[in-house]
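Residue-level listing of the chains:
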Amino acid sequence: SPRNLRVLLDMDGVLADFEGQFLKRFREKYPHDPFVPLEERSGFYVTKQYYDLGQDIGTKAFSIYEEKGFFLNLQPIEGALEAAREMAEMEGVDVYICTSPIKKYTHCVVEKYQWLDKHLGKEWMERMILTRDKTVINGDLLIDDKPNITGGMNPPMWQHVLFTSWHNRDVVPQGSQIRLDGWLPHSNWRDILEQKRQE
Ligand code: UMP
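Please read all numbers here as calculations on a predicted model, not as lab measurements.

## Examining the overall build of the chain
Reasoning step 1: Scanning the chain from terminus to terminus reveals six helices and six strands.
Reasoning step 2: Beginning at the N terminus, the succession of helices and strands in the chain can be written as β-α-α-α-α-β-α-β-β-β-β-α.
Reasoning step 3: At 17 Å, the chain has a C-alpha radius of gyration in line with the 16 Å of a compact globule built from 199 residues.
Reasoning step 4: Burial analysis of the chain (199 residues in total) assigns 48% to the buried set.
Reasoning step 5: Considering only contacts in the chain between residues 6 or more positions apart, those separated by 24 or more positions represent 63%.
Reasoning step 6: As presented, the chain carries roughly 10700 Å² of accessible surface, and 51% of it is formed by carbon and sulfur atoms.
Reasoning step 7: Mean positive and mean negative side-chain charge positions of the chain (25 and 31 charges, respectively) differ by 5 Å.

## Some remarks on the environment of Y51
Reasoning step 1: Mapped onto the fold, Y51 is located in helix α2 (residues 46–51).
Reasoning step 2: Sequence spacing of Y51 and A61 is ten residues, and the spatial spacing of their C-alpha atoms is 8.1 Å.
Reasoning step 3: Excluding residues that lie within four positions of it along the chain, Y51 makes contacts with G58, T59 and F62.

## Some points on the side chain of K196
Reasoning step 1: Considering the arrangement of structural elements, one finds K196 in helix α6 (residues 189–197).
Reasoning step 2: Engagement of the side chain of K196 in a polar contact is seen with the side chain of Q159, the distance being 3.1 Å.
Reasoning step 3: When neighbours within four sequence positions are excluded, K196 is seen to be in contact with L5, D140, L141 and Q159.

## Points about the site of the ligand
Reasoning step 1: Every residue close to the ligand is listed here: D10, D12, F18, Y45, V46, T47, Y65, F71, T99, S100, I102 and K134.
Reasoning step 2: For the ligand, an oxygen atom lies 2.9 Å from a polar atom in the backbone of S100.
Reasoning step 3: K134 places a polar side-chain atom, nitrogen or oxygen, 2.9 Å from an oxygen atom of the ligand.
Reasoning step 4: The protein chains hide 92% of the 460 Å² of surface that the ligand would expose on its own.
Reasoning step 5: Of the pockets mapped on this structure, the ligand occupies the largest pocket.
Reasoning step 6: Taken together, the residues of the shell around the ligand sort by class into six nonpolar, three polar and three charged.

## Digging into the packing of aromatic side chains
Reasoning step 1: For the structure on display, the rule yields 15 aromatic pairs.
Reasoning step 2: Pairing F18 with F70 gives two aromatic rings, centres 5.5 Å apart and planes at 80°, and the pair type is edge-to-face. With a gap of 52 residues between them, F18 in helix α1 (residues 18–29) and F70 in the loop between α3 (55–66) and α4 (80–89) connect regions that are remote in the sequence. Judged on exposure class, the residue F18 and its partner F70 are both buried.
Reasoning step 3: On the numbers, 6.5 Å between centres and 50° between planes, the contact of F22 with Y65 is tilted. Of the two residues, F22 is situated in helix α1 and Y65 in helix α3; the sequence distance between them amounts to 43 residues. The same class applies to F22 and to Y65, which are both buried.
Reasoning step 4: Ring pairs connect the aromatic residues F18, F22, F26, Y30, Y50, Y51, F62, Y65, F70 and F71, which therefore count as one cluster.
Reasoning step 5: The ring of W124 is capped by R127, whose NZ or CZ atom sits 4.5 Å from the centre of that ring.

## Description of empty space enclosed by the protein
Reasoning step 1: Across all of its chains, the model carries one cavity of 30 Å³ or more by this definition.
Reasoning step 2: Space inside the largest cavity adds up to approximately 40 Å³.
Reasoning step 3: Here the residues of the lining of the largest cavity sort into five nonpolar, no polar and two charged.

Cut-off values and rules
Residues numbered from 1 in each chain as written. Predicted model: local features only at pLDDT ≥ 70, side-chain atom pairs only at ≥ 80, totals over all residues. Heavy atoms only, no water. Helix = DSSP H or I, 4+ residues; strand = E, 2+ residues; numbered from the N terminus. Rg over C-alpha atoms; globule rule 2.2 N^0.38 Å. Buried < 20%, exposed > 50% of the residue type's maximum accessible area, 1.4 Å probe, protein only. Contact = heavy atoms within 4.5 Å. Areas by Shrake-Rupley, 256 points an atom, 1.4 Å probe, with all protein chains shown as cover. Lys, Arg positive; Asp, Glu negative; His and termini not counted. Charge placed at Lys NZ, Arg CZ, Asp CG, Glu CD. Polar contact = N/O pair within 3.5 Å; in protein donor to acceptor, adjacent residues only side chain to side chain. Near = heavy atom within 4 Å. 1 Å grid on protein atoms, 1.4 Å probe; cavity = no way out; pocket = protein on both sides within 12 Å on 5 of 7 lines; lining within 4 Å. Sits in = over half its atoms within 2 Å of the grid points. Nonpolar A, V, L, I, M, F, W, Y, C, P; charged D, E, K, R; others polar. Phe/Tyr/Trp six-rings, centres within 6.5 Å; stacked < 30°, edge-to-face > 60°. Lys NZ or Arg CZ within 6 Å of the ring centre and 35° of its normal. Points joined across faces, edges and corners; volume = space filled by probe spheres on them.

Okay, structure coming up:
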């Protein structure tokens, strides 16, 4: 029988609502500063867009996701946990979490494990892959909201499924990239897996 399909799931922007929590915390912590509404987000790096509002605003933006509790308190994206559980239960499918921690690792790294434990449970610790270079990870599909994923392996083994987020909704998928618009019931993620399995 054919080998299992390996699906790599990104965390921030795919399972966990990084953008929503960032904006909420920024506005709570800096109520008198300018901010970028979600509808106006563009570009993967939220900090870059905040730096464009001023050096001090950029520094403040950094301080938001470097603070203790930020990554642990991210809300699950709608439908994501249900989809992840269903995918993990599928016959012939192996699911991994593939996520890049920030360079200031102190809270981020442990809180990513805590988040996964809290929302999906201990057995998911086995699935965790932390890396700053996703191109060297072996997989059939990578579901990720970052448009340009580069690194040491070119091309990577996986096909990139670009998960829609505020910052990438105007990005035109490049090459073999395909788009996935969310995890809600109408979502076509099952078809994408089925299609890949048949290649
Ligand atoms: N990240 C930044 N700066 C930003 C936006 C995100 O460092 O402006 C970090 C937060 C996450 C990581 O830890 O990038 C997301 O990486 P992916 O695993 O989603 O590629």
